[in-house]
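Each chain, letter by letter, is given below.
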Amino acid sequence: MNASTTRRNTVKTIVIALGLGTCLTALPAAAQFPESPVTLVLGSTPGSAPDILGRIVAEGMSEVLGQPVVVENRQGANGSIAATQVAQAEPDGYSLMLMTAVHSITPTTRSDLEYDFNEDFRGVGMVASVPLLFVVNNELGTPDMASFVERAREGDIFYSVPGIGSIQQLATEEFADRAGIEMTVVPYRGGGNATNAVIANEVQLFFAGIPPALPHVESGALTALAISTPERSPAAPDVPTMVELGYDGLVADNWHALYVRSETPDDVVATLSEALNTVLARPETAEMFLNVGATPWANSPDEQTAFGHGEVERWRNVIDEQGLTFD
Amino acid sequence: MDILSNLALGFQEVLTLETLSFCLFGVTVGMLIGVLPGIGAMAAISMLLPITFYLEPGQALIMLAGIYYGAQYGNSIASILLNVPGTPSAAVTALDGYPLSKLGKAGPAIFITTAASFAGSCFAIVCLAAFSPVIAGVALAFGSAEYFALMVFGLVTASTVAPGSQIKGIAMVVAGLILGLVGTDITSGTFRFTFGLIELTDGLTLVAVAMGVFGATEVINNLSRKMHDRGAARRVRIRELIPTGADMKQAVKPMMRAAPLGTFLGVLPGAGATIAAFVAYGLETRVAKDRRRFGKGAIEGIAAPETANNAAAQGSFIPTLSLGIPGDAVMALMLGALLIHGVQPGPQLIGDHPEIFWGLLASFWIGNLMLLIMNIPLIGVWVRILSIPYKYLYPCVLMLICVGVYSVHNSGFDLFVVVAFAAIGYAMSIAKLSPAPMLLGIVLGVMMEDNLKRAMLLSRGDPLVFLERPICAVLLGLSLLMLIWPLGMRLVRRVHRSRA
């Protein structure tokens, strides 16, 4: 055999292999989904709350689906790099996206998104809600919401946010408007730095995640005045909701949910939804979620899709009413 | 003695076969990953996170922490041998480490790095064991104004780090500051200099820039030189692997200066560990009799930054564990590993879970000892990498750079950043401009601007805030001193000479 035939054979093998590969990927419905690894894309750094929740769910779903579910971090631009990537992937259910509340805010705050949240995606199901604690520094001397609002009327209250256009900023603005007070926003990069600022009393107020804030509430450095979810959290059962305190409809649910492209076939979505809900129903999942400050929350694909549309609507209204601008 | 009984508890935790093997696994994986250009601890730790669901929280933390400091150690080996630092602090080690390696002293350089890392860690561990509750308070005493002053101090030091003219050093810091402007403005959310590229909205990926201006530039530089395969021609003898007594003596004082410095700076979340190596190096160039030796293979130039950066690495665990506030993504991952098990880092951690805290401290010491024992015999293996002919070595290095850079953000765009900065880095090397201050400029520039803006917001636009706060005023004063020192020294010398 001379060199040229060897080369020709190699080329032939490659062509056949490529052809076979194309055929296999072109026939998704023929076999049982999933028959290869599934990617779970998320838009934040390793170690962030969405990342940890995503990895817990991915680990469980790998086992249920019988195929590895691989987490891929594509942080940047408030999660929109990740969403763009999934919006451009094949609508075959192999690219999952972990959306969070911020994805229902960016459609209003950003004019340059390369995808349409409502049109390009459909829900697979809710994963969890991460309640936010309305914490103030103890040196302010306001043990409850009424005294805080009174103190805030005198002015000179700074509040931290993990970034401009974050759910924390919108919720605080909405709260200030309802309570009739004015406060100054001080932006930090990331929730850790923003939490640190309120502990160090550089700012007086922050809508913090439960795990970083709770130990400081217990140590007495911070006071938790309210929680942002519709119901109280089992992680902080003594903290009243904003609704209980008379701020009707003031809910900032930092939700985390799985989405796929809207053209994904129904049976694939059903398989994914079933696997997700199996994982969420396990007590060990619930325990791990609770430990990282999240509340498990399961629903159906259609419920999730409708919920997402509602959230976009809700934050658009808040932004319009508060007259916030972001460029 | 409280500390002794606490440490005894810690060692009791660690000295079981199971925990020791997790520690060994961690430092080995970390070291191997660190040696590969561009691949950081983060990739390894995030992949291993699901495994920790099934481990004891203390063991999980010991393993992940081992990866963290093991990787940092491994990265200095790569910086010395191949000039491919993955972090700004490793870039400082490369300043003198790589010239040493070119002089045929790679073995001694790695030996000193190993010893310095061990010494730095040991010092930090003792400090942490004795003063950890106090240290946590230091982290909180640093507000936005103090951070701004610290960044100024770090940048002034960085400009003096450049070998050769200080003007060029300052120019590179400024270049770094300008590159740091790319991204999102913190107070308004406006995109700056992103040219419509969504990938640039969070700024340039630091590892990509570092790999461009160091690793890839180095490859081009060697191509443009006469291709001589020194590979097989040189065989390294065992005696050449070990530093001479004079070398070791030269390294001792810098280590003693750098260890406290690194420990202190490491405690400040986020910024400290990066600045530590630069400040330690800058300090050495200041106290040295002949600062021209730096950048050409000065032993102090590797001993000081390595000690400082390892001390800082251990120090950075304090705010993470005792405040529950992670300084960076790697620390956030480790927090996550604890949280999942219901162990809540925060002020109560040491009281509620003494076995985890003291066990971790003890594991630092054991892990560092493992690195030391493992690496003395390994030095011969590492040095042999240099005997691989360039035509095989460099394609491998380039490929590993690509894999490493891609793995940071799973982003193909970052590979183009490497290409662009390889071109820029080559131009810089022709103009004899040092890339290390530029890297620090990129990192610190962003933080400096953020903190300046915040401090001004909080003071309602009153710039006097920077002078009213004592820590802040001292840091700014020191920065000024650093800047005028060379001028002052020259004056003193002139007066001296005219008298003589």
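Residues numbered from 1 in each chain as written. Chains lettered and ligands numbered in written order. Predicted model: local features only at pLDDT ≥ 70, side-chain atom pairs only at ≥ 80, totals over all residues. Heavy atoms only, no water.

1. Describing the overall build of chain A
No. 1: The helix and strand tally for chain A stands at 12 helices and 11 strands.
No. 2: Taken along its principal axes, the extent of the C-alpha atoms in chain A is 90 × 45 × 35 Å.
No. 3: A total of 327 residues make up chain A; the buried ones form 57% of that total.
No. 4: A separation threshold of at least 6 residues defines the contact pool for chain A, and within that pool the share at least 24 residues apart is 76%.
No. 5: Here chain A displays about 13,200 Å² of accessible surface, and carbon together with sulfur accounts for 52% of that area.
No. 6: The average position of the 16 basic charges and that of the 41 acidic charges among the side chains of chain A differ by 11 Å. (Helix = DSSP H or I, 4+ residues; strand = E, 2+ residues; numbered from the N terminus. Buried < 20%, exposed > 50% of the residue type's maximum accessible area, 1.4 Å probe, protein only. Contact = heavy atoms within 4.5 Å. Areas by Shrake-Rupley, 256 points an atom, 1.4 Å probe, with all protein chains shown as cover. Lys, Arg positive; Asp, Glu negative; His and termini not counted. Charge placed at Lys NZ, Arg CZ, Asp CG, Glu CD.)

2. Observations regarding the overall build of chain B
No. 1: Along its length, chain B carries 22 helices and 2 strands.
No. 2: Radius of gyration (C-alpha) of chain B: 22 Å, near the 23 Å computed for a compact globule of 500 residues.
No. 3: Expressed along its principal axes, the backbone C-alpha trace of chain B runs to roughly 65 × 60 × 60 Å.
No. 4: The buried share among the 500 residues of chain B stands at 58%.
No. 5: Counted over contacts in chain B with a minimum sequence separation of 6, partners at least 24 positions apart contribute 79%. (Rg over C-alpha atoms; globule rule 2.2 N^0.38 Å.)

3. Considerations on the packing of helix 2 (residues 49-65) of chain A against helix 11 (residues 283-291) of chain A
Residues and elements named next belong to chain A.
No. 1: Where helix 2 contacts helix 11, the axes come no closer than 11 Å and their chain directions differ by 170 degrees. By the angle class used here, helix 2 and helix 11 are roughly antiparallel. Residue-level contacts link Leu53, Ile56 and Val57 of helix 2 to Thr285, Met288 and Phe289 of helix 11.
No. 2: Class assignment of the residues belonging to the contact of helix 2 with helix 11 gives a composition of 5 nonpolar, 1 polar and no charged. (Axes fitted to C-alpha atoms, helices over the stretch in contact; angles between N-to-C directions. Parallel < 35°, antiparallel > 145°, perpendicular 65-115°, else oblique. Nonpolar A, V, L, I, M, F, W, Y, C, P; charged D, E, K, R; others polar.)

4. Quick look at the side chain of Arg286(B)
Residue and element names in this part refer to chain B.
No. 1: In this fold, Arg286 is placed in helix 12 (residues 272-287).
No. 2: For Arg286, which is buried and forms no salt bridge, the nearest opposite charge comes from Glu284, at a distance of 12 Å.
No. 3: Within polar-contact distance, the side chain of Arg286 engages the backbone oxygen of Met482 at 3.4 Å.
No. 4: The contact partners of Arg286, leaving out residues within four places of it in the chain, are Thr160, Gln166, Arg291, Met482, Trp485 and Pro486. (Salt bridge = Lys/Arg side-chain N within 4 Å of Asp/Glu carboxyl O. Polar contact = N/O pair within 3.5 Å; in protein donor to acceptor, adjacent residues only side chain to side chain.)

5. Considering the confidence of the model for chain A
Reading predicted coordinates in detail is not appropriate for stretches of low pLDDT.
Residue and element names in this part refer to chain A.
No. 1: Mean pLDDT over chain A stands at 89; residues scoring 70 or higher make up 90%.
No. 2: The least confident element of chain A is helix 1 (residues 3-26), whose mean pLDDT is 51; the most confident is strand 3 (residues 95-100), at 97.
No. 3: Within the model, pLDDT remains below 50 along residues 19-30, and this stretch shows 0 contacts once partners closer than five positions in the same chain are excluded. (pLDDT = per-residue confidence, 0-100.)

6. Here's the deal with empty space enclosed by the protein
No. 1: Per the counting criterion, the structure on display carries 3 cavities of 30 Å³ or more.
No. 2: What lines the second largest cavity is simply Arg74(A), Gln75(A), Gly76(A), Ile81(A), Glu199(B), Thr201(B), Asp202(B), Gly203(B), Thr205(B), His409(B), Ser411(B) and Asp414(B).
No. 3: Considered class by class, the residues forming the lining of the second largest cavity number 1 nonpolar, 7 polar and 4 charged. (1 Å grid on protein atoms, 1.4 Å probe; cavity = no way out; pocket = protein on both sides within 12 Å on 5 of 7 lines; lining within 4 Å. Points joined across faces, edges and corners; volume = space filled by probe spheres on them.)

7. Details of a positive patch on the surface
No. 1: On the surface, Arg490(B), Arg493(B), Arg494(B) and Arg497(B) cluster together into a patch of positive charge.
No. 2: Mapped onto the elements, Arg497(B) comes out in helix 22 (residues 470-499). (Patch = residues over 30% accessible without salt bridge, like charges linked within 9 Å, V, L, I, M, F, W, Y side chains within 5 Å.)

8. Digging into the sheet that holds strand 3 of chain A
Residues and elements named next belong to chain A.
No. 1: In spatial order, the strands read 2-1-3-10-4-11; together these 6 strands make up an open sheet with mixed pairing. The outermost strands of the open sheet, each flanked by one partner alone, are strand 2 (69-73) and strand 11 (295-296).
No. 2: For strand 3 and strand 10 (residues 254-261), the ladder comprises 4 bridges, and the chain directions are antiparallel. Note that in strand 10 the partner of Leu98 across the bridge is Leu258.
No. 3: Each of strand 3, strand 4 (121-130) and strand 10 touches helix 10 (residues 266-281); the most contacted strand, strand 4, lies at about 10 degrees to it. (Pairing = 2+ DSSP bridges.)

9. Notes on the interface of chain A and chain B
No. 1: Between chain A and chain B, the contact holds 47 residues from the first and 46 residues from the second.
No. 2: It is Arg55(A), Arg189(A) and Glu202(A) in chain A that bury the most area against chain B; as a group they hold 14% of the surface buried on that side.
No. 3: Where chain A meets chain B, there are 2 salt bridges.
No. 4: For the salt bridge of Arg460(B) with Asp156(A), the shortest nitrogen-to-oxygen distance reads 3.0 Å.
No. 5: Inspection of the region where chain A meets chain B yields 17 residue pairs in polar contact (both at pLDDT 80 or more). (Buried area = accessible area lost by both parts, 1.4 Å probe.)

10. Focus on unusual backbone geometry
No. 1: Of note, the bond from Phe33(A) into Pro34(A) is cis; its omega dihedral lies within 30 degrees of zero at -5 degrees.
No. 2: Along the polypeptide, Pro34(A) turns up in the loop between helix 1 and strand 1 (38-42).
No. 3: Phi is positive for Phe193(B), which is not a glycine, with a value near 50 degrees.
No. 4: Along the chain, Phe193(B) turns up in the loop between strand 2 (191-192) and helix 9 (206-224).
No. 5: Among the residues examined, Phe193(B) registers a relative accessible area of 48% and is labelled partly exposed.
No. 6: Of note, the phi angle at Lys432(B) is positive, near 55 degrees, even though the residue is not glycine.

11. Considering the packing of aromatic side chains
No. 1: On inspection of all chains with the given rule, the structure shows 21 aromatic pairs over all chains.
No. 2: Plain terms: the ring middles of Trp255(A) and Phe307(A) are 5.7 Å apart, the flat faces sit at 85 degrees to each other, and that makes the pair edge-to-face. Of this pair, Trp255(A) sits in strand 10 while Phe307(A) sits in helix 12 (residues 301-322); the two residues are 52 residues apart in sequence, bridging distant segments of the chain.
No. 3: With a relative accessible area of 0%, Trp255(A) lands in the buried category.
No. 4: Exposure remark for Phe307(A): the relative accessible area of 21% places this residue in the partly exposed category.
No. 5: With a centroid separation of 5.7 Å and 80 degrees between ring planes, the pair formed by Tyr68(B) and Phe317(B) is classed as edge-to-face. Of this pair, Tyr68(B) sits in helix 4 (residues 57-82) while Phe317(B) is found in helix 14 (residues 317-323), placing the two residues 249 residues apart along the sequence. (Phe/Tyr/Trp six-rings, centres within 6.5 Å; stacked < 30°, edge-to-face > 60°.)

12. Describing helix 8 (residues 191-199) of chain A
No. 1: For helix 8 of chain A, the set of buried residues is Ala194(A), Thr195(A), Asn196(A), Ala197(A), Val198(A) and Ile199(A).
No. 2: Where helix 8 of chain A ends, the next residue or the one after it, Asn201(A), has phi of about 65 degrees, a positive value.

13. With respect to a nonpolar patch on the surface
All names here are of chain B.
No. 1: Taken together, Ile170, Val174, Ile178, Val474, Leu478, Leu480, Leu481, Leu483, Ile484, Trp485, Leu487 and Met489 make up a surface patch of nonpolar side chains, about 1,000 Å² in accessible area.
No. 2: Every element with two or more residues in the nonpolar patch is listed here: helix 8 (166-180) and helix 22.
No. 3: By residue number, the principal contributor to the nonpolar patch is helix 22, which donates 9 residues.

14. Some remarks on the pattern of salt bridges
No. 1: Evaluation of the coordinates by the stated rule reveals 18 salt bridges over all chains.
No. 2: Put simply, Arg232(A) and Glu244(A) hold a salt bridge, and the shortest N to O gap is 2.7 Å. Taken as a pair, Arg232(A) in the loop between strand 9 (222-227) and strand 10 and Glu244(A) in the loop between strand 9 and strand 10 lie far apart in primary sequence, 12 residues in all.
No. 3: Of the charged contacts in the structure, one is a salt bridge between Arg469(B) and Glu146(B), with a shortest N-O distance of 2.8 Å.

15. What to know about the domain arrangement of chain A
Residues and elements named next belong to chain A.
No. 1: Looking at chain A, the domain boundaries give domain 1 (35-129 + 253-322) and domain 2 (132-227).
No. 2: When each unit is reduced to the centre of its C-alpha atoms, the spacing between domain 1 and domain 2 is 28 Å.
No. 3: Facing 13 residues of domain 1, the contacting portion of domain 2 comprises 11 residues.
No. 4: Roughly 950 Å² of surface becomes buried between domain 1 and domain 2 when both sides are summed, with 66% attributable to carbon and sulfur atoms.
No. 5: Of all residues in domain 1, the largest losses of buried area upon contact with domain 2 belong to Ile105, Trp315 and Gln322, amounting jointly to 42% of the total for that side.
No. 6: For the pair domain 1 and domain 2, the interface holds 1 salt bridge.
No. 7: We note a salt bridge from Glu174 to Arg314, for which the minimum N-O separation is 2.9 Å.
No. 8: Put simply, domain 1 and domain 2 have 2 residue pairs in polar contact (both at pLDDT 80 or more) between them.
No. 9: With 5 residues, helix 12 is the largest single contributor of residues to the side of domain 1 that touches domain 2.
No. 10: Here the side of domain 1 that touches domain 2 is built from residues that sort into 6 nonpolar, 5 polar and 2 charged. (Domains from an automatic or database assignment.)

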